There are 2 protein chains.
Amino acid sequence: MKKPRTQDKGHEAARGRITPGSPVPSPSPMDEGRRRVAIEHVQPEIDGGRYPIKRVVGETVVVEADLFADGHDLVRGVLRYRHAQQEGWQETPLEFLTNDRWQASFETRELGRYCYGVMGWIDHFATWQRDMRKRLGVQHDVSVDLVIGTRLIEEALSRASGESGRQLKAIAEAISASQHDAQRHIELLLGEDVTALMAACTDRRWATTYDKELVVVVDRPRARFSAWYEMFPRSIVEADQPHGTFRDCEARLPYIADMGFDVLYLPPIHPIGKTHRKGKNNNPRGDSDSAGSPWAIGARDGGHTAIHSQLGTLDDFSRLVTAAKTQGIEIALDIAFQCSPDHPYVTEHPEWFTTRPDGTIQFAENPPKQYQDIFPINFESPAYRELWTELRGVVQYWIDHGIRIFRVDNPHTKSFLFWKWLIADITARHPDIIFLAEAFTRPKVMYHLAKIGFTQSYTYFAWRTTKAELTDYFTELTHTEVREFFRPNLWPNTPDILTEQLQHGGRATFMARLTLAATLGASYGMYGPAFELCEARPQKPGSEEYLDSEKYEIRHWDITRADSLRDFIGLINRIRRDNPALQHDATLQFHPVDNDQLIAYSKQSPDGENVILVVVNLSPHHVHSGWLDLDLATLGLQADRPFQVHDLLTHAYYQWQGSRNYVQIDPHSVPAQIFAVRRTMRREQDFDYFL
Amino acid sequence: MKKPRTQDKGHEAARGRITPGSPVPSPSPMDEGRRRVAIEHVQPEIDGGRYPIKRVVGETVVVEADLFADGHDLVRGVLRYRHAQQEGWQETPLEFLTNDRWQASFETRELGRYCYGVMGWIDHFATWQRDMRKRLGVQHDVSVDLVIGTRLIEEALSRASGESGRQLKAIAEAISASQHDAQRHIELLLGEDVTALMAACTDRRWATTYDKELVVVVDRPRARFSAWYEMFPRSIVEADQPHGTFRDCEARLPYIADMGFDVLYLPPIHPIGKTHRKGKNNNPRGDSDSAGSPWAIGARDGGHTAIHSQLGTLDDFSRLVTAAKTQGIEIALDIAFQCSPDHPYVTEHPEWFTTRPDGTIQFAENPPKQYQDIFPINFESPAYRELWTELRGVVQYWIDHGIRIFRVDNPHTKSFLFWKWLIADITARHPDIIFLAEAFTRPKVMYHLAKIGFTQSYTYFAWRTTKAELTDYFTELTHTEVREFFRPNLWPNTPDILTEQLQHGGRATFMARLTLAATLGASYGMYGPAFELCEARPQKPGSEEYLDSEKYEIRHWDITRADSLRDFIGLINRIRRDNPALQHDATLQFHPVDNDQLIAYSKQSPDGENVILVVVNLSPHHVHSGWLDLDLATLGLQADRPFQVHDLLTHAYYQWQGSRNYVQIDPHSVPAQIFAVRRTMRREQDFDYFL
């Protein structure tokens, strides 16, 4: 009979074992037959260990696993972990939870990748101690059992070393000295110190090691907590100038810093193609003085590593990067791997594109729509290796010029394997690099991009507008395994997305959406100055495109307008910085309100000290009120104890008690309340309260 | 920097890729960079593919997977499967469901093991056709696009073969002949026949194959549907005889066959040890004429392959096996791998046991309890390979003597790896062998034993008595992934388990528990004649042990008693045989009743033709009635159409309509109703109804 050719590890035993009477249970290695501990359902583990989870420096990975063995012997286990660049494992004991479930955790102290796994074995000495305690006073003669316990210690001496070895040796001697003092003998064998010493040198010859090494990618804190501001440099311009420059951007930095942003994302800064250049409002026939789309990358004077001459020089750019840093702002560049027909690659590497039978190069299409100003790269090119290496060079070039954050344009239209390779390759050398995936596509594709390496991801937030939609979506993002690998970055608008809600909701909607983005997400961003100036005119009814979009022309924004949201944005970002609760997503918890126009949710700092409760009125038109039903347990509040909520937007203080409390919000003033929840109140307030 | 040593397949790209500037994205093989399809969440898959799922011959495996690629090209995929002894894969196309989810299925036609997996690729021609249809009538000039489509077909010719190859060639020629008839040209390129032919020979050079081969173990139908009867051969005896024999068992067969059982399970039939032999009611000091426990296996005249002389000879046993077969009954033997002190192994292979410092062999203990009549086998023995091989020999011995079903005693107290190896080894040569795991232990251990190979498993049924307990437990067994690997075998009693409920519930409880076991489980069993005679006396209050247990003495049962449940049992088993719905567990569905003493559930045959609805009164004392709220959709019933329910126990007929219907059950007659649900009624009944 042929060998079954299954590759299922779970059934190694079957392989090669179908010849009758073979004496040895191959292919088990020599000792495998005595491994008695089973390990199952290790968590966190994404897709059977195919993909890593994510953390930032200083966070904790809590690992759980089922550990059990045949029979009634005691099982022990450890969580093993190491930085990928370290050789040896560090260990921490697994603690028993319940129902054969065990848990331990470790802290991710350094950037890069950690591996973790679980190991378990039978603890014969602990088992002996447990049984011995049961025998005492019941079993008539325990002398042989005492010898067994003593021998276990003597065997252990060969495995013990260092100080614990010396201590164990001392105990062993004390035991042999007490042979004739049964009581003393028993006390020594059941002592807690010997338990600990024996545990430190248990026999692990037949320990079971979980068959996968799991991985956690450790990023810097900004990967988790960041506030992004997107702006077109060419529009940062006084009315009398034709084209904004990096110098102008430098002058704009204080304005952005005052609003409290820490990432300034610039759309592509490279030369723009002339061939088929788009005109205003995406007019396919752009005239000679059209600014063109920054995403039509590449012209005679260079491609992805060149700078659009009207913006300035590479030195100007470096100045901007440095100046920004001094104000606590990082510059993020756009990675848009596509080319204008004038891009040097087109002539130097036609093999990286698709050539049509008529000899022309295939431009971007979404039939019947055509985008003649863009040539997509062909990732099925036989020369893909040289292509990948070249594109990696582009990223490396900007890293070498001080960039540590990249916003990747449409990653879902390029090869997954390319991104997996590129991000792993770059971060192996530069573990502080952050890649934000600008993929607005199907959910499984968005999650896959996060699994294969993207640090942060755009989300569906812009189109989640009702209480039910927001609750469902953010519960999925923060309370399923998605939270382990997908870091949401929430944008109420982008140059491509002026939602219907923003078009019609007016100022109150801009404020509400900002509050939601900045408090539902530890990372969020906005496209300005369009956002703070509440720009809401669509190109045409039913379109999400901006009228006179900056994608195709230079806009002059009057950022000094009295109705600008800049101060409100600044306040929101200050609240985010002052309250660690808003710098994490995992603790997000929704609380019922008996009014569908009011949404309420809380977040907490990991230590539980800082608690923020947010209530937003989703209607821009009407005052709404309702009864909030707080989950007191989650918030660490006691039903019988008053607590204080302090609205950080209006500085109003309220004293609440119990789970049901009244809220009312007038969207015409501020459409939201951001409460700091103080569990124990200051004395004088207690006094007021009991007066 | 050192290489990261991660083993996470998801991050191969990272390995060895941290030397800057290396030109080739190793370690990806040559073509891997062009694999654009991702495959995730393949189901069914147990523990990341570590363990197989289970089916019986003729069942279907429905496989689902997420398949998607970058960009907008069309993805195609196949489910691949093959019997483990076949070389080549069979394929069936995956059908798109929704949200990037795909599905296909295959039938398990032969005993043994099948492997299955998923493969996906980009279908460039189907993509071209889709885009071409969009261009027509919109795009001015499609001539170049037509050339592209034509070339795709020309390339495909090299991959096409056989009849489809010839057809494709013919079409290619027709196309080139129609160069100047654009309309004809387009029709040919978009024709359905060419679509099919091209699909048959798509370019799979860069197809993605799911990285695991999953396994399904295929058993014979009795693995899923069986009715077990357990009986002690030594008790099958006329009052004037000392000890029952295999001949007596032969005479008892018609009685068992009349009750409708198809498996007769005999406790160990081997010589019983004399040393420390137990007396009646587990008296540690058995006198010379004690029968002893059949589980104290082994004496001077042999061990696990010998037969207790008072039962008869090996020939008598073979006669019994044959006689049983002629009456549709299979004999199941007990595999209890433990030894009495008199077992030949003890002297021949002391290394297979644990020797204490005083030279004695360690007997079974659960401190402070001691079982001097049993020596447990030490699976940590250095000689475990010889031990495993010997024990496999025991199983093989009884297989060679006609046994195909084994009930394994306390498998959870022996090495998991041993069972995994033994079952894989035996079933590789004898795929029709059935192993029932008698493990009453923690849930994860019970599930693990099923995962590593046991065909059927005992359950917690005996202790699940309330409506809530039964609903929760059987929902877990039939509506979670557990259903894929764990086949429940439900026993209301065993020689070790006389539940408190049976002790106090009387006849009605025996009938109710029998009905529950036989209809909740496609496989169930009972320990008789104790069960049909409603034996309910515990050894002492609070104990689940029988008084005068057959485990320690020979009992004389009067199976002719008028109050025997034999006829009711026979009726229940006939109903099970006549109704395929009761021969499957996966379709189990509970239906609400507004009375906690009434539990209702339905099952259906795979084709949905046979529908059984069971209602049981859980109270043995009182008549209970209530309103049943049927899930009509599940049952394939229409709210506006009357349907007939026919109680197969009482032959009462009812006409019901809609979801809410009234039920009333008097436990003093029959504590249950087993309704055959007939969706469309016979004409004359329709007539009655509309009269």
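Only a predicted model underlies this, so the values are computations on that prediction, with no experimental measurement involved.

Caption draft 1: Representation of the overall build of chain A in the model. A tally of regular secondary structure across chain A gives 16 helices and 30 strands. With the C-alpha coordinates of chain A rotated into their principal frame, the extents come out at 105 × 80 × 50 Å. Taken over 691 residues, chain A has a buried fraction of 61%. The contacts in chain A between residues at least 6 apart in sequence include a share of 75% that link residues at least 24 apart. Both charge centroids of chain A, one from 78 positive and one from 93 negative side chains, sit 3 Å from each other.

Caption draft 2: Looking closely at the domain arrangement of chain A. According to the domain assignment, chain A contains domain 1 (9-123 + 204-218), domain 2 (125-200), domain 3 (220-579) and domain 4 (589-690). Inter-centroid distance (C-alpha atoms) of domain 2 of chain A to domain 3 of chain A is 67 Å.

Caption draft 3: Seen up close, helix H5 (residues 192-200) of chain A. Residues and elements named next belong to chain A. Three or more residues of H5 are buried, namely Val-194, Leu-197 and Met-198. The arc that holds every buried residue of H5, seen down its axis, measures 100 degrees, which confines them to one face. Facing away from the buried side of H5 by over 90 degrees, the exposed positions are Glu-192 and Ala-200. Packed against the buried residues of H5 are helix H1 (124-135), helix H2 (143-157), helix H3 (162-177) and helix H4 (182-190).

Caption draft 4: How the structure looks around the sheet that holds strand S1 (residues 37-43) of chain A. Residues and elements named next belong to chain A. The sheet built from four strands is open, its strands ordered S1-S3-S7-S6 with antiparallel pairing. What marks the edges here is a single partner per strand, and that holds for S1 and strand S6 (95-96). Summarising the sheet, S6 and strand S7 (residues 101-108) pair through two bridges and their orientation is antiparallel. Residue Glu-95 lies in a different strand from S7, and its bridge partner there is Gln-103.

Caption draft 5: Spatial organisation of the side chain of A:Lys467. Residues and elements named next belong to chain A. With respect to the helices, strands and loops of the structure, Lys-467 is situated in helix H12 (residues 467-479). With no salt bridge to any partner, buried Lys-467 finds its closest opposite charge in Asp-596, at an N-O distance of 4.3 Å. Those residues in contact with Lys-467 that sit more than four places away from it in its chain are Val-593, Asn-595, Asp-596, Leu-598, Ile-599 and Leu-618.

Caption draft 6: Spotlight on the packing of helix H2 (residues 143-157) of chain B against helix H4 (residues 182-190) of chain B. All names here are of chain B. One can describe the packing of H2 onto H4 by two numbers: an axis separation of 11 Å at closest approach and a directional angle of 45 degrees. The orientation of H2 relative to H4 falls into the category oblique. For the pair H2 and H4, the crossing hand works out as left-handed. Facing Leu-146, Gly-149, Thr-150 and Ile-153 of H2, the residues of H4 in contact are His-185, Ile-186 and Leu-189. Taken together, the residues of the contact of H2 with H4 sort by class into four nonpolar, three polar and no charged.

Caption draft 7: Spatial organisation of the packing of aromatic side chains. Counted by the stated rule, this structure contains 82 aromatic pairs over all chains. Ring geometry for B:Phe337 against B:Trp419: centres 6.1 Å apart, planes inclined by 20 degrees, an arrangement best described as stacked. With B:Phe337 in the loop between strand S13 (330-335) and strand S14 (338-339) and B:Trp419 in helix H10 (residues 416-429), this residue pair connects regions lying 82 residues apart in the sequence. For B:Phe337, a relative accessible area of 2% puts it in the buried group. Of the residues examined, B:Trp419 reaches a relative accessible area of 1% and is grouped as buried. Aromatic pair B:Tyr527 and B:Tyr546: ring centres 5.5 Å apart, planes at 80 degrees, arrangement edge-to-face. Of this pair, B:Tyr527 sits in strand S22 (residues 523-527) while B:Tyr546 sits in the loop between S22 and helix H14 (566-578), and the two are 19 residues apart along the sequence. Considered together, B:Tyr527 and B:Tyr546 belong to a single accessibility category, that of buried residues. Chaining the aromatic ring pairs together yields one cluster made of A:Phe337, A:Phe379, A:Tyr384, A:Trp388, A:Phe418, A:Trp419, A:Trp421 and A:Phe454. Lying over the aromatic face of A:Phe461, A:Arg513 brings its terminal NZ or CZ to 4.0 Å of the ring centre. The ring centre of B:Tyr255 lies 5.5 Å from the NZ or CZ of B:Arg252, which sits over that ring.

Caption draft 8: Just the pattern of salt bridges, in detail. Residues and elements named next belong to chain A. Throughout the structure, instances matching the rule amount to 85 salt bridges over all chains. Across the salt bridge formed by Arg-109 and Glu-107, the nearest N and O atoms sit 3.6 Å from each other. When its relative accessible area of 31% is taken as the criterion, Glu-107 is described as partly exposed. Here Arg-222 makes a salt bridge to Glu-330, at a shortest N to O gap of 3.1 Å. Of this pair, Arg-222 sits in the loop between strand S10 (214-219) and strand S11 (226-230) while Glu-330 sits in strand S13 (residues 330-335), and the two are 108 residues apart along the sequence. Judged by its relative accessible area of 23%, Arg-222 is partly exposed.

What counts as what
Residues numbered from 1 in each chain as written. Chains lettered and ligands numbered in written order. Predicted model: local features only at pLDDT ≥ 70, side-chain atom pairs only at ≥ 80, totals over all residues. Heavy atoms only, no water. Helix = DSSP H or I, 4+ residues; strand = E, 2+ residues; numbered from the N terminus. Buried < 20%, exposed > 50% of the residue type's maximum accessible area, 1.4 Å probe, protein only. Contact = heavy atoms within 4.5 Å. Lys, Arg positive; Asp, Glu negative; His and termini not counted. Charge placed at Lys NZ, Arg CZ, Asp CG, Glu CD. Domains from an automatic or database assignment. Arc of directions from axis to C-beta. Pairing = 2+ DSSP bridges. Salt bridge = Lys/Arg side-chain N within 4 Å of Asp/Glu carboxyl O. Axes fitted to C-alpha atoms, helices over the stretch in contact; angles between N-to-C directions. Parallel < 35°, antiparallel > 145°, perpendicular 65-115°, else oblique. Left-handed = near helix turned anticlockwise from the far one by under 90°. Nonpolar A, V, L, I, M, F, W, Y, C, P; charged D, E, K, R; others polar. Phe/Tyr/Trp six-rings, centres within 6.5 Å; stacked < 30°, edge-to-face > 60°. Lys NZ or Arg CZ within 6 Å of the ring centre and 35° of its normal.

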